Amino acid sequence: MNKLVLSLIFILSLNIAFGQFNQIQSEDKCGYDPVKDAQLLELYGDNWGYGYDDLLNDIAEWELSDYIQVQSIGQSTQGREMYELTITNFNPAKTSKRRIYIHVRTHPGEVQSFRVADEIINYLSAENGIGNYLRDQCIFHIVPMYNPDGVELEYPRENANGVDLESNWNAGTPEIEVQNLRARFEELMLEDNPIEVALNMHSAHECNRFFWVHHPNGTSTQYFSLEEEFVESVRSHFLEGIMPFDSHISWSGGNPGQYPESWWWTNHQETVMALTYEDMNCSSAGLYDQTAYAILFGISDYLDLGYTGIKENLSDVSFNIYPNPVKDILSIESDLPSSKEVSLTIYNSFGTLVYETTYTGSTKIDFKSMNLSSGLYIIKCKYDEYTDTEKIIYSD
Ligand SMILES: [Zn+2]
């Protein structure tokens, strides 16, 4: 064999190795671990605690809001609807509103991404505070369950065809779910006020909250500084909870092509801030309302919307209830003045009251001592005219 052939074989084997490395990397974006995934399914219960029926129930409730319209962007492989919420103040409809798109739960096992999105929906549909402000300034589109088949089949990462939708964007013929979402992106990008922020919501086994930002080698130096601006805007509202912008940098070898963000960069470059957010996919996950609050404030800051409202004015942000799921002690904290009395009630999934109390400041509830069965519970914290409702999973 001559030197040329040898070096060709060497380059070829490097490519194969590199290709495999890329494949592993794409699977590991959120953390791929069948054992851990099975444990988390066990911990959360059927469909990781939130299935397609739960979505249908919530949609029936969301549709009652004057600020939410629900439509389907198409059907999944097995014919389930891919629902999208549009949230804004529809009347008066301003044409210059800024547009934000959020799609959630590509990886079915990453239910925490939905819990954060659920809080985002709560804020955006609340009467007061940042919700009202953002509805006047923006149009939010949220797909809470992008991969309903995977959720129902209890696949941790795939759709009904066994394909990971997250890394399917450059396939010759992408999966129908990818086609539907892409068609919707394309449609909205033709509007006079196209999408400016596109978030792709996941959660990671490494048990940290962070954004995947993209190296200038795969984007541009301008984009990299915009990514820093965006992530640090979000972080500034939850400094202790979200990792610095440069903690997770990918694409140092160029745009990998397969991700939704790859599609965004290829087609719209700096005009759309497209990022994957990772919540915590582990038993100590929680603080979803605080995370949602930071994301909304971060978007507001990034788009220079000028919202300066203080936290006390926000009807739904005052309570941090954690951890979720809870095994024994549930903590409830708020930044309400300590003179404010809070009325706390807990209901089981059938709506039966199982606990009630009043307190001021903060409180702790010992679930273990209450002899309740494992499952979903609804916690309501009420003060004055405000009520914060949270779904908590108790696992003894
Ligand atoms: Zn994921």
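Refer to the preceding data block for the structure.
From a predicted model like this one, the values you see are computed outputs, not experimental measurements. Residue numbers here run from 1 along each chain, matching the order of that chain's written sequence. Per-residue local features of the predicted model are confined to residues with pLDDT of at least 70, and side-chain atom pairs are confined, for both listing and counting, to 80 or more; whole-chain, interface and lining totals are unaffected and use all residues. Note that the side-chain values use all heavy atoms of the structure and ignore hydrogens as well as water.

Draft legend 1. Molecular detail of empty space enclosed by the protein. Only protein atoms enter the 1 Å grid, on which a cavity is a set of points fitting a 1.4 Å probe that cannot get out and a pocket is an open set with protein on both sides within 12 Å along at least 5 of 7 lines, lining residues being those with an atom within 4 Å of a point. Grid points are joined across faces, edges and corners, and a volume is the space filled by probe spheres set on the points. For the structure on display, the rule yields two cavities of 30 Å³ or more. Within this model, the largest cavity holds a volume of roughly 70 Å³. Lining the largest cavity are G31, D37, L40, W48, H107, G109, E110, P156, R157, H205 and N281. Note on residue classes: Ala, Val, Leu, Ile, Met, Phe, Trp, Tyr, Cys and Pro are nonpolar, Asp, Glu, Lys and Arg are charged, and everything else, Gly too, is polar. Here the residues of the lining of the largest cavity sort into three nonpolar, five polar and three charged. H103, F185, A198, L199, N200, P260, E261, W264, A274 and L275 together form the lining of the second largest cavity.

Draft legend 2. Representation of the nonpolar core within the structure. By nonpolar core we mean a set of buried residues, namely Ala, Val, Leu, Ile, Met, Phe, Trp, Tyr and Cys, connected to one another through side-chain atoms within 4.5 Å. Each residue gets one of three labels from its accessible area relative to the maximum for its type: buried under 20%, exposed over 50%, partly exposed in between, using a 1.4 Å probe on protein chains only. I120, F140, L199 and F230 are the most contacted members of the largest nonpolar core, which has 89 residues in total. Top contributing element to this core by residue count: helix α10 (residues 288–302), with nine residues. Any two residues having at least one pair of non-hydrogen atoms within 4.5 Å are treated as being in contact. Beyond its immediate sequence surroundings of up to four residues, F140 is in contact with L85, T86, I87, I100, I102, L124, L134, L296 and I299. By size, the runner-up hydrophobic cluster in this structure holds 19 residues, among which are L336, L344, Y359 and Y383. Secondary structure elements follow DSSP: runs of H or I of four or more residues count as helices, runs of E of two or more count as strands, with numbering from the N terminus.

Draft legend 3. Quick peek at helix α7 (residues 176–189). Taking 1.5 Å of rise per residue, 14 residues should cover 20 Å, and α7 covers 20 Å from first to last C-alpha, within 8% of that figure. The complete set of buried residues in α7 reads E177, V178, N180, L181, R184, F185, L188 and M189. Take α7 and look down its axis: the buried residues cluster within an arc of 170 degrees, on one side only. Helix span, expected: 1.5 Å multiplied by one less than the number of residues in the helix. Directions pointing from the helix axis toward each C-beta atom define the arc.

Draft legend 4. Inspection of the state of the cysteines at higher detail. Cysteine sulfurs are considered disulfide-paired once they come within 2.5 Å of each other. One pass over the structure, following the stated rule, counts one disulfide. The disulfide that involves C207 links it to C282, with 2.0 Å between the sulfurs. Where C207 bonds to C282 through sulfur, the torsion about that S-S bond is close to 60 degrees, and the disulfide is right-handed. Of this pair, C207 sits in the loop between β5 (195–204) and β6 (210–214) while C282 sits in the loop between β8 (273–280) and α10; the two residues are 75 residues apart in sequence, bridging distant segments of the chain.

Draft legend 5. Focus on the coordination of the zinc ion. We call an atom a donor if it is N, O or S and sits within 2.8 Å of the metal, or 3.2 Å for Na, K and Ca. Water is not counted, so some sites may look partial. Coordination of the zinc ion by the protein comes from C30 (SG), H107 (ND1), E110 (OE), E110 (OE) and H202 (ND1), over a distance range of 2.0 to 2.4 Å. Between consecutive donor residues of the zinc ion, the sequence gaps follow C-x76-H-x2-E-x91-H. Taken together, the residues C30 in the loop between α1 (3–27) and α2 (34–44) and H202 in strand β5 connect sequence positions 172 residues apart. For C30, a relative accessible area of 2% gives the class buried. Assessed through its relative accessible area of 0%, H202 is described here as buried.

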